[in-house]
Structures are given as C-alpha cells and as structure tokens.
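Each chain is listed here by its residues.
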Amino acid sequence: NAGVMQNPRHLVRRRGQEARLRCSPMKGHSHVYWYRQLPEEGLKFMVYLQKENIIDESGMPKERFSAEFPKEGPSILRIQQVVRGDSAAYFCASSPKTSGSYEQYFGPGTRLTVT
Amino acid sequence: GESVGLHLPTLSVQEGDNSIINCAYSNSASDYFIWYKQESGKGPQFIIDIRSNMDKRQGQRVTVLLNKTVKHLSLQIAATQPGDSAVYFCAEGDDYKLSFGAGTTVTVRA
C-alpha cells in the first residue's frame, strides 16, 4: 500500500515563474492537507481540501497561491510568479476521515528553490 | 539526555541512555497532541499521540506526558538508538488543523 506521493521531490524555479506541486493521497483517503516548512522551522498549515472542495484555506497567502483537489487525479498546489521567499519544503498529508481526524500521513515533500 | 525549559533546538544523548524532549504548547483548547519524527529529506513520521483528557500514554520505547496545567508536553525515548537521530516536533491539534513547534534535533552519540 503506497504512502502519500509527492512530485516532483525537488523543483527549481526562477523568480516570476509558476510552480506546480502534486500530491497523491494514500489509497482510500479523500482528505488532503498542505503544509509549508521554512528552514529550521516547524510545518505551517496552509490548506485543507476534500475532493472538489476547499474546506479551509486560512493558512494560504492571499495572492499567488491556489490549491485544488479534483475529482480525478492528484491535489495540486500552485504558486504563481514565485519569489525567493517561496523557497521552502512543501508537505502534503492525507487522512481517511472527516472532522475530528488527526491521523494525517505525510508525504516526502517537495523542496522548492527559487533562484 | 534532556532538553529543559521551553524548548532547546538540539539534544545530544549517549546511545543506550534515555532521552527526554520537551515542548510548550500555546492553545489550551487543543484536542490532542502528537509527536512526529522527521529525518533529513523526509516527511514527518507519526510517533505517538495523546488526547487532551489523558496525562500519559506509552508506546514502544516511547512515552508521552501531558501537563495541561502548565501547557507542557514531553516525549521520553527509552534506550536511545542511533536510528533515533532526527528532528522531533510536537504538534497540537484542533479538529483537523495541526500546529507544529519548531522542533528539537536529537543526535545520538555512539
């Protein structure tokens, strides 16, 4: 049973380009969470999605960032017009249950470097 | 070895000794608390959790203690092994949202 898959594992973008990060949840999981981790810091919640719905995006920057979890295919975190401050590790987690679940399983992360 | 105070960024421990990692949390309304282990280049890996209505929980070689009075959480690792070297994060949870601390880097000396 494969765990949470994320790709690419490493992504280099120049300032102003777009970054697309993909996350495939564990089999049977329909809830996806995105977190960002800056160097030497803990993970910060960004967004919580269910299939075709954004449940909570309170941790997402208001501009340039968007997330989706379509009916078919992986969840996508999209960062437009990247800036150096977007350089970080982005982790996706998935869970099988609805409200009250804390069984979040994390993927290996995508390390974004903006040059 | 033990990290004391609110939080120490690093902890060095002799192989075979017990480790104690401490964490202060901020939200007294958090429902549950989780300890994660993160190895270099990997995602966080679940170690053990504890509900807010408990004060102690034991797993395999690990024990988590919760003191709600002072909003303090600790992770005890018995007989620390080289494979325990990693960054350890405590996280507090309110429904689905996890809030992570800054982490403690544990280094095991042979």
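Whatever comes next refers back to the structure up there.
Residues numbered from 1 in each chain as written. Chains lettered and ligands numbered in written order. Predicted model: local features only at pLDDT ≥ 70, side-chain atom pairs only at ≥ 80, totals over all residues. Heavy atoms only, no water.

Now for the sheet that holds strand S5 (residues 56–58) of chain B. To summarise the sheet geometry, strands pair through backbone hydrogen bonds and adopt either a parallel or an antiparallel arrangement. All names here are of chain B. Taking strand neighbours across the sheet as the criterion, the four strands line up as S2-S7-S6-S5 in an open arrangement whose pairing is antiparallel. Lying at the two open borders of the sheet, with one neighbouring strand each, are strand S2 (19–24) and S5. Between one strand axis and the next, the sheet turns by 15° as a mean value, whatever way the strands run. (Pairing = 2+ DSSP bridges. Helix = DSSP H or I, 4+ residues; strand = E, 2+ residues; numbered from the N terminus. Axes fitted to C-alpha atoms, helices over the stretch in contact; angles between N-to-C directions.)

In this section: the interface of chain B and chain A. With 18 residues of chain B at the interface, the matching set in chain A holds 22 residues. Carbon and sulfur atoms make up 53% of the surface buried where chain B meets chain A, a total of about 1600 Å² over both sides. Contact with chain A buries surface across chain B, with B:Pro44, B:Tyr96 and B:Phe100 losing the most and accounting together for 33% of the total. Here A:Asp56 and B:Lys97 are joined by a salt bridge, their closest N and O atoms 3.2 Å apart. Counting across the chain B and chain A interface gives six residue pairs in polar contact (both at pLDDT 80 or more). Of all the secondary-structure elements, those providing two or more residues to the side of chain B that touches chain A are strand S3 (32–38), strand S4 (45–51) and strand S9 (97–100) of chain B. Counting residues per element, the side of chain B that touches chain A draws most heavily on S3(B), at four residues. Of the residues that constitute the side of chain B that touches chain A, the class distribution is nine nonpolar, four polar and five charged. (Contact = heavy atoms within 4.5 Å. Buried area = accessible area lost by both parts, 1.4 Å probe. Salt bridge = Lys/Arg side-chain N within 4 Å of Asp/Glu carboxyl O. Polar contact = N/O pair within 3.5 Å; in protein donor to acceptor, adjacent residues only side chain to side chain. Nonpolar A, V, L, I, M, F, W, Y, C, P; charged D, E, K, R; others polar.)

This part covers the nonpolar core. Judged by nonpolar contacts, the single largest core of 23 residues is most densely connected at A:Trp34, A:Met46, A:Leu77 and A:Tyr90. Breaking this core down by element, the ones donating at least two residues are strand S3 (19–24), strand S4 (31–37), strand S5 (43–50), strand S7 (65–68), strand S8 (75–79), strand S9 (88–95) and strand S11 (110–114) of chain A. Apart from residues lying up to four places away in sequence, A:Met46 is in contact with A:Trp34, A:Tyr35, A:Arg36, A:Asp56, A:Glu57, A:Ser58, A:Gly59, A:Met60, A:Pro61, A:Phe65, A:Leu77 and A:Tyr90. B:Ile21, B:Cys23, B:Tyr25 and B:Val64 belong to the second-largest nonpolar core, a separate cluster that totals 20 residues. (Core = buried A, V, L, I, M, F, W, Y, C linked by side-chain atoms within 4.5 Å. Buried < 20%, exposed > 50% of the residue type's maximum accessible area, 1.4 Å probe, protein only.)

All names here are of chain B. Inspection of the secondary structure puts Thr-63 in strand S6 (residues 62–67). Take Thr-63: its relative accessible area is 11%, and that puts it in the buried class. Contacts of Thr-63, omitting those with residues within four sequence positions, involve Lys-56, Arg-57, Gln-58, Ser-74, Leu-75 and Gln-76.

Another point: unusual backbone geometry. As a rule of thumb, non-glycine residues mostly have phi less than zero, and peptide bonds are mostly trans rather than cis. For the bond running from A:Asn7 to A:Pro8, omega is -5°, close enough to zero to count as cis. The topology assignment puts A:Pro8 in the loop between strand S1 (5–7) and strand S2 (10–13). One non-glycine residue with positive phi stands out, namely B:Lys71, at about 50°. With respect to the helices and strands, the residue B:Lys71 is situated in the loop between S6 and strand S7 (72–77). In this model, B:Ala79 sits at a positive phi of 50°, which is unusual for a non-glycine residue. You can see B:Ala79 is positioned in the loop between S7 and strand S8 (86–94).

Okay, the pattern of salt bridges next. Residue and element names in this part refer to chain A. Counting across every chain of the model gives seven salt bridges over all chains. Note that Arg-20 is salt-bridged to Glu-18, the shortest N-O span being 2.9 Å. Residue Arg-20 is classed as partly exposed on the basis of its relative accessible area, which comes to 39%. With a shortest N-O distance of 2.9 Å, Arg-78 and Glu-18 are connected by a salt bridge. Here Arg-78 is found in strand S8, whereas its partner Glu-18 is found in the loop between S2 and S3, with 60 residues between them in sequence. Relative accessible area serves as the criterion here: at 29%, Glu-18 is assigned to the partly exposed category. Here the salt bridges share partners, and the residues they tie into one network are Glu-18, Arg-20 and Arg-78.

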